[in-house]
Each structure stands twice: as structure tokens, then as C-alpha cells.
Amino acid sequence: MDDPRGEYMFRLEERVARLEREVEGLVIQSRTTPAGSPDRCVHQLQSRLQQ
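Let us look at the structure shown here.

Definitions and limits used
- Residues numbered from 1 in each chain as written.
- Predicted model: local features only at pLDDT ≥ 70, side-chain atom pairs only at ≥ 80, totals over all residues.
- Heavy atoms only, no water.
- Helix = DSSP H or I, 4+ residues; strand = E, 2+ residues; numbered from the N terminus.
- Buried < 20%, exposed > 50% of the residue type's maximum accessible area, 1.4 Å probe, protein only.
- Areas by Shrake-Rupley, 256 points an atom, 1.4 Å probe, with all protein chains shown as cover.
- Salt bridge = Lys/Arg side-chain N within 4 Å of Asp/Glu carboxyl O.

Topic: the overall build of the chain
Part 1 of the reasoning: When its secondary structure is counted, the chain shows two helices and zero strands.
Part 2 of the reasoning: For the chain, the residues scored as buried account for 4% of the 51 residues in total.
Part 3 of the reasoning: Summing over all exposed atoms, the chain offers an accessible surface of approximately 4700 Å²; the carbon and sulfur share of this is 56%.

Laid out in C-alpha cells, this is it:
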């Protein structure tokens with residue numbers, strides 16, 4: 001029999017790891033974005049979190 005809770009935790013770990021990589025990429029991107037330009041990073045992160 002499958003362990004639904006174990007599978008849930010495994011998938012949750014994958015999602016957290018993916019989000020951590022995306023946030024790191026956004027942090028690097030924000031460091032290279034000139035001051036005063038539109039901040040798309042926040043909108044990108046929000047759209048990813050809603051998925």
C-alpha cells in the first residue's frame with residue numbers, strides 16, 4: 001500500500017527546493033537590476049507561488 005503522507009512530504013520537499021532555486025535566481029536578478037527600474041521580481045515570485 002502506498003504511503004500517501006510520505007508521498008506528500010516527498011513532493012513538498014521537491015516544491016520547496018524548486019521555490020528556493022527560483023528565489024535565489026530572483027535575488028541575483030534583483031542585484032543586477034538598475035535602481036529605479038520596475039521590479040518584476042516580486043510579480044514573478046507571486047505568480048510562481050500561486051501555481
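Now that the structure has been shown, we can carry on.
Points about the pattern of salt bridges
Part 1 of the reasoning: Overall, the coordinates contain two salt bridges when judged by the stated rule.
Part 2 of the reasoning: A salt bridge links R11 to E7; the nearest nitrogen and oxygen atoms lie 3.1 Å apart. With R11 and E7 both in helix α1 (residues 4-32), this residue pair falls four residues apart, about one helical turn.
Part 3 of the reasoning: Taking relative accessible area as the criterion, R11 reaches 47% and is therefore assigned partly exposed.

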